[in-house]
Amino acid sequence: GKAIFKYLLLHRKRPVAREALMERFWPEAGPEAARNNLNVAIHRLRRTLGRVGFPVVLFSDGHYLLNPQLVVSIDADAFLAHASRASELERDQDMDGAIREYTACVALYQGELLAEDRHAHDEWLLPLRQQLRDRYLHALARLGQIQFDRQDVLACTATFAKVLAVDGCNEGAHRHLMRCYAALGQPQLAQRQYQTCIQALHRELGVPASRETTELYRQIVRRDAE
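The rules behind the values
Residues numbered from 1 in each chain as written. Predicted model: local features only at pLDDT ≥ 70, side-chain atom pairs only at ≥ 80, totals over all residues. Heavy atoms only, no water. Phe/Tyr/Trp six-rings, centres within 6.5 Å; stacked < 30°, edge-to-face > 60°. Helix = DSSP H or I, 4+ residues; strand = E, 2+ residues; numbered from the N terminus. Buried < 20%, exposed > 50% of the residue type's maximum accessible area, 1.4 Å probe, protein only. Pairing = 2+ DSSP bridges. Contact = heavy atoms within 4.5 Å. Axes fitted to C-alpha atoms, helices over the stretch in contact; angles between N-to-C directions. Core = buried A, V, L, I, M, F, W, Y, C linked by side-chain atoms within 4.5 Å. Expected span 1.5 Å × (residues − 1). Arc of directions from axis to C-beta.

Summed over all chains, the structure comprises seven aromatic pairs. A ring pair is formed by Tyr7 and Phe25, whose centres lie 5.8 Å apart and whose planes are at 80°; its orientation type is edge-to-face. Placement of the pair is Tyr7 in helix α1 (residues 2–10) and Phe25 in helix α2 (residues 18–25), with a sequence separation of 18 residues. Here Tyr7 matches Phe25 in class, with each residue buried. Ring geometry for Tyr109 against Tyr136: centres 4.1 Å apart, planes inclined by 15°, an arrangement best described as stacked. Placement of the pair is Tyr109 in the loop between α5 (95–108) and α6 (125–149) and Tyr136 in helix α6, with a sequence separation of 27 residues. Among the aromatic side chains, those forming a connected cluster through ring pairs are Tyr7, Phe25, Trp26 and Trp124.

Pairing between sheet strands relies on hydrogen bonds along the backbone, with the strands arranged either parallel or antiparallel. Read across the open sheet, the three strands follow the order β1-β3-β2; overall the sheet is antiparallel. Every other strand in the sheet has two partners, leaving β1 (16–17) and β2 (57–60) as the edge strands with one partner each. Two elements, β1 and strand β3 (residues 63–66), share two bridges in a ladder whose sense is antiparallel. Residue pairing for β3: Ala17 is matched across the bridge by His63. Each of β1, β2 and β3 is contacted by α1, which is oriented at about 80° to β3, the strand it contacts most.

Among the nonpolar cores identified, the biggest contains 58 residues, and Ile4, Leu21 and Val57 are the most heavily contacted of them. In terms of residues, this core owes the most to one element, α6, which gives eight residues. In this structure, Ile4 is in contact with Leu21, Phe25, Trp26, Leu38, Ala41 and Ile42, ignoring residues within four places of it in sequence.

Glancing now at helix α9 (residues 187–204). Compared with an ideal rise of 1.5 Å per residue, which puts 18 residues at 26 Å, α9 spans 26 Å between its outermost C-alpha atoms and is within 8% of the ideal. All of the buried residues in α9 are Pro187, Ala190, Gln193, Tyr194, Cys197, Ala200 and Leu201. The buried residues of α9 occupy an angular sector of 135° when projected down its axis, which confines them to one face. When the buried face of α9 is taken as reference, the exposed residues oriented beyond 90 degrees from it are Arg192, His202 and Arg203. Buried residues belonging to α9 abut α7 (153–166), α8 (171–183) and α10 (211–225). Within two residues after α9, Gly206 carries a phi angle of roughly 70°, on the positive side.

This next bit is on α2. Restricting attention to buried positions, one finds in α2 the residues Arg18, Leu21, Met22 and Phe25. One face of α2 carries all of its buried residues, which in axial projection span an arc of 100°. Buried residues along α2 sit against α1, β1, α3 (31–49), β2 and β3.

One ladder, built from four bridges, connects β2 with β3; its direction is antiparallel. If you follow Leu58 over to β3, its bridge partner there is Leu65. Counting the residues in the hairpin turn of β2 and β3 gives two residues, including Asp61, whose phi is positive at 55°.

Printed below as a string of structure tokens:
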């Protein structure tokens, strides 16, 4: 019942066919057994949610949906709204506004979507998780770039460290950290970041660092030697 409620929440813009829920949550069961399981789960869900004063889960024309009277606020929706607004403001060259919206966006991301759900019937979450993860990394990258362009190097360093906490093989983030450390007069940290980058790429992907990353490393080493 809880899993079905989450599914209906994330698909609340349109009704969900009964058969779609049966196939999603009981793919191995026959039609009759799946329908019985769905009926039991919906009954328990309605009983649990019955305290709000009106029916929360509706059924109409073979489809389930959440009652339009239900006011829903989901952090994932707010996250996407901030991300979209930030991109708009950046296109309009309102960098103060873009920083504000990107910051609000990344603050909402507390890890992958519904991380507690690790069951076979939760595979439908995988593309949504990937979408939000990608949007998070994009928001961090844009925020970090704006911070770097404004010479807010310390903030930029913190932002790209967050990128690597999620995607340790993100060469762009490694390069930005190398540039930040060089700008802070700490070339030894930039060189250490390069070593971290090549180790992560070798360990996770079995590939060497790109020419761009290696050339940046060499430039930093040359400047440090001058």
